[in-house]
Amino acid sequence: MPVLEVRNMRKSFGNVEVLKGIDFTLEKGESLSIIGSSGSGKTTLLRCLNFLERPTAGSIAVNGETLLDCSDPSTLRESQIRQKRLHFGLVFQSFNLFPQYTALENVMIAPVLFAKENRVKDFDKAALKSEAEELFRNIGLSDRMGNYPHQLSGGQQQRVAIARALIMHPDILCFDEPTSALDPELTGEVLRVIRGLSEQNTTMIIVTHEMEFAREVADKVIFMDGGKICEQGDPHEVFNHPKEERTKQFLSRYSQK
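Residues numbered from 1 in each chain as written. Predicted model: local features only at pLDDT ≥ 70, side-chain atom pairs only at ≥ 80, totals over all residues. Heavy atoms only, no water.

Undergrad: Teacher, can you tell me more about the sheet that holds strand β3 (residues 31-35) here?
TA: Two modes of strand pairing occur in sheets, parallel and antiparallel, and in both the strands are linked by backbone hydrogen bonds. Here 6 strands make up an open sheet; going across it, the order is β6-β7-β8-β3-β9-β10 and the pairing mixed. Two strands bound the open sheet, and with one partner strand each, they are β6 (88-91) and β10 (228-233). On average, each strand axis in the sheet is inclined to that of its neighbour by 20 degrees, with strand direction left out of account. Sheet analysis places β3 next to strand β9 (residues 220-225), joined by 4 bridges and oriented parallel. By the bridge assignment for β9, Ile34 is matched with Ile222. (Pairing = 2+ DSSP bridges. Helix = DSSP H or I, 4+ residues; strand = E, 2+ residues; numbered from the N terminus. Axes fitted to C-alpha atoms, helices over the stretch in contact; angles between N-to-C directions.)

What follows is the structure, encoded as C-alpha cells:
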C-alpha cells in the first residue's frame, strides 16, 4: 500500500486552472523530486497536499486513509484540517522561524501548542526537549540551540526549519525549494541534511531546481509542465533518456548552464 496516493488533483484560482489532474503515488521511504519551470504548479501541489490550499477536485489518501475527497463534503470540514496536516511536514523557502524565540524554542513550539490545545495529560516536555536536542545534533547545530534566528545564517535557519518539521513526526516531509533563498555557498549544508534524511529512508517530496541533487537523492522524479505531470519515473531514465519532447527541452537548458 502506498504511503501517499493522489488522484485527479485539480486546483483553480478563479478562471485559471493551475493543477490539471495530478495523479501519483509514493511508497514509504521513497524520495520524490518534483522539477519543472516556475509557474508549472509545483508549489501549488505542495500547498494542496499540506491543506494550505483546498483542491478544486481530486483526492488525497495517506496510508490507505482518505484525508480529502472533493466529491465527499464530510472530508472537507475545516475543523478536521489541522489534524490532517499532521501527516505532512512542510519546509518553506523562506524558513519562517519566529524571531522572538530561540532555535530550540522554534523547534519545540508546535508540539507544545498541540499538547496544550488537545489537553494531552501525559505530555512530557523534558522528553520533547531531549528529542529536539538530538535533532540539533543530527543537523550539526548543537552549539546554536540558544541562538535567535537573526544570529543564524540562512543555511542554519533552514536546518532549524527542517528540525521543526521533523519533530512532529510527519508521514511525509515536503520541501518547497529549500535552497532557493540561500547563497550558493550555504546550499550544500542544507542539501547534506536532506541527503542524510534520504539515507535514513525518510519519505520526502522535494520541489527543487537543483537538478544534480534531484537526480542523486530521488527514487522517483516528476517533471511538471503547465499544471500537468509531463513525465515521471526513475531519475536515471528521466534525466538521461527523457521520452517527452518538453522534458528534453527543459533538461537541455540545465545541461547548458
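Undergrad: Explanation requested: the pairing of strand β2 (residues 16-26) in the structure shown.
TA: The side chains of a regular strand alternate, residue by residue, between the two faces of the sheet. One ladder, built from 8 bridges, connects strand β1 (residues 4-13) with β2; its direction is antiparallel. Residue Met9 lies in a different strand from β2, and its bridge partner there is Ile22. Taken together, β1 and the strand that follows it, β2, pair antiparallel across an intervening segment of 2 residues, in which Gly14 is found at a positive phi of about 65 degrees.

Undergrad: Looking at this structure, I do not really get the pattern of salt bridges. What am I missing?
TA: Two side chains carrying opposite charge are able to pair once their charged atoms lie near each other. Considering all chains together, one arrives at 13 salt bridges under this definition. Lys11 serves as the salt-bridge partner of Glu53, at 4.0 Å between the closest nitrogen and oxygen. Linking Glu53 in the loop between α1 (42-49) and β4 (57-62) with Lys11 in strand β1, this pair joins segments that are 42 residues apart in sequence. Judged by its relative accessible area of 21%, Glu53 is partly exposed. Between Arg195 and Glu216 there is a salt bridge; the shortest N-O distance is 2.5 Å. Of the two residues, Arg195 is situated in helix α6 (residues 184-199) and Glu216 in helix α7 (residues 211-217); the sequence distance between them amounts to 21 residues. One network of salt bridges, in which partners are shared, links Lys11, Arg47 and Glu53. (Salt bridge = Lys/Arg side-chain N within 4 Å of Asp/Glu carboxyl O. Buried < 20%, exposed > 50% of the residue type's maximum accessible area, 1.4 Å probe, protein only.)

Undergrad: Can you walk me through the sheet that holds β2 in this structure?
TA: Spatially, β2-β1-β4-β5 is the arrangement adopted by the 4 strands of the open sheet, whose pairing is antiparallel. Each edge of the open sheet is held by one strand with a lone partner, namely β2 and β5 (65-69). Taken pair by pair, the neighbouring strands of this sheet meet at an average axis angle of 20 degrees, ignoring direction.

Undergrad: Got a minute to help me understand the environment of Pro99 in this structure?
TA: For Pro99, the location among the structural elements is in the loop between β6 and α3 (103-117). Judged by relative accessible area, which is 58%, Pro99 ranks as exposed. For Pro99 and His150, which are 51 residues apart along the polypeptide, the C-alpha to C-alpha distance reads 7.1 Å. What Pro99 contacts, discounting residues up to four positions off in sequence, is Tyr148 and Pro149. (Contact = heavy atoms within 4.5 Å.)

Undergrad: Please explain the environment of Gly233 as it appears in this structure.
TA: In this structure, Gly233 sits in strand β10. Judged by relative accessible area, which is 21%, Gly233 ranks as partly exposed. As for Gly233 and Phe223, which are separated by 10 residues in sequence, their C-alpha atoms are 9.1 Å apart. Contacts of Gly233, omitting those with residues within four sequence positions, involve Lys220, Val221 and Val238.

Undergrad: It is not clear to me how the side chain of Glu231 should be interpreted in this structure. Could you clarify?
TA: The residue Glu231 is located in strand β10 in this model. Among buried Asp, Glu, Lys and Arg side chains, Glu231 stands out as unpaired, with Lys243 the closest opposite charge at 5.0 Å. A polar atom in the side chain of Glu231 sits 2.7 Å from the backbone nitrogen of Lys243. A polar atom in the side chain of Glu231 sits 2.8 Å from the side chain of Thr247. Sequence-distant contacts of Glu231, that is, excluding residues within four places in its chain, are made with Val221, Ile222, Phe223, His241, Pro242, Lys243, Glu244 and Thr247. (Lys, Arg positive; Asp, Glu negative; His and termini not counted. Polar contact = N/O pair within 3.5 Å; in protein donor to acceptor, adjacent residues only side chain to side chain.)

Undergrad: Help me out: how do you make sense of the packing of aromatic side chains in this one?
TA: Each aromatic ring pair is specified by the distance between its two centres and by the angle formed by the two planes. Per the stated rule, a full pass over the model turns up 2 aromatic pairs. Relative to Phe250, the ring of Phe223 has its centre 4.9 Å away and its plane inclined at 35 degrees; by these criteria the two rings are tilted. Here Phe223 is found in strand β9, whereas its partner Phe250 is found in helix α9 (residues 245-255), with 27 residues between them in sequence. Phe223 gets classed as buried once you look at its relative accessible area, which sits at 0%. Take Phe250: its relative accessible area is 0%, and that puts it in the buried class. Between the NZ or CZ atom of Lys11 and the centre of the ring of Phe13, over which it lies, the distance is 4.9 Å. (Phe/Tyr/Trp six-rings, centres within 6.5 Å; stacked < 30°, edge-to-face > 60°. Lys NZ or Arg CZ within 6 Å of the ring centre and 35° of its normal.)

Nothing here speaks to function; it is geometry throughout.
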